[in-house]
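# Architecture and fold: a report
Given next are the chains, with one letter for each unit.
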Amino acid sequence: MASTSRPILLFIILLSLTLFACANTCSNHTFPNSQVFSSCVDLPVLQAYFYWNYVPSTKSVQLAYRASQSSSGWVAWAINPVKQGMVGSQALVAFQNSEGSMTAFTTSINNYSPSLQPGTLSFGVSNISATYISDEITIFAVVGPLQNVTGVNHVWQAGPLSNGSPQMHATTGQNIQSMGTIDFAS
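Residues numbered from 1 in each chain as written. Predicted model: local features only at pLDDT ≥ 70, side-chain atom pairs only at ≥ 80, totals over all residues. Heavy atoms only, no water.

- The name given to the protein chain in an unreviewed UniProt entry is DOMON domain-containing protein, with the source organism recorded as Erythroxylum novogranatense.
- Looking at the Subcellular location (unreviewed entry) heading of the UniProt record, one finds this comment for the protein chain: "Membrane". (UniProt positions renumbered as here; feature names shortened; annotations may be inferred.)

## Concerning the packing of aromatic side chains
- Taken as a whole, this structure holds nine aromatic pairs when the rule is applied.
- Ring centres of Phe 50 and Phe 184 lie 6.3 Å apart, and the angle between their planes is 40°; on these two criteria the pair is classed as tilted. Of this pair, Phe 50 sits in strand E2 (residues 48-55) while Phe 184 sits in the segment after strand E11 (179-183), and the two are 134 residues apart along the sequence.
- Look at Phe 95 and Phe 105: their rings are 6.3 Å apart centre to centre, the planes differ by 80°, and that puts the pair in the edge-to-face class. Of the two residues, Phe 95 is situated in strand E5 (residues 90-96) and Phe 105 in strand E6 (residues 102-108); the sequence distance between them amounts to 10 residues. (Phe/Tyr/Trp six-rings, centres within 6.5 Å; stacked < 30°, edge-to-face > 60°. Helix = DSSP H or I, 4+ residues; strand = E, 2+ residues; numbered from the N terminus.)

## What about the pattern of salt bridges?
- Applying the stated criterion to the full structure yields one salt bridge.
- The shortest N-O distance in the salt bridge between Arg 66 and Glu 136 comes to 2.8 Å. One end of the pair, Arg 66, is in strand E3 (residues 60-68); the other, Glu 136, is in strand E8 (residues 136-143), with 70 residues separating them in the sequence.
- Overall, Arg 66 belongs to the buried group, its relative accessible area being 2%. (Salt bridge = Lys/Arg side-chain N within 4 Å of Asp/Glu carboxyl O. Buried < 20%, exposed > 50% of the residue type's maximum accessible area, 1.4 Å probe, protein only.)

Now the structure itself:
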């Protein structure tokens, strides 16, 4: 009896893992506020997903960045207008504050020890907000106009909070692999 139940148990476990992996993609996610995005991509690391609507007439992007995170952490998504990587990027940051509501703001990353304090960016950002639902933080914003560019370098991150402030993220593994390029017009 035990030898028959092991293959069945293994099959059930593998099936469950496959269904979970298939279920957790950008294309089948429904936002609670009924927002719809025409494009999305499953980012390769940090259990993150990026959604967008590009508006050519205004050179702006309506976006949502969704990432797994505990209530004691922060997430960020950024455009680096000059090169790949973190330094020089212009970021949207979000976390759940000590009162339980969401904090979302913009900040520039000028060095490897950024303060992650609110600041202005080199491009416009409006309607920035964030939600925390089911161990995921989602940042919503409208970015632009972008300067005659639809393809950009982008970076995404996650890290811990301490005393209500974002702290340094890990400098190994997935945290240093979280960059790429994205073409909003594609």
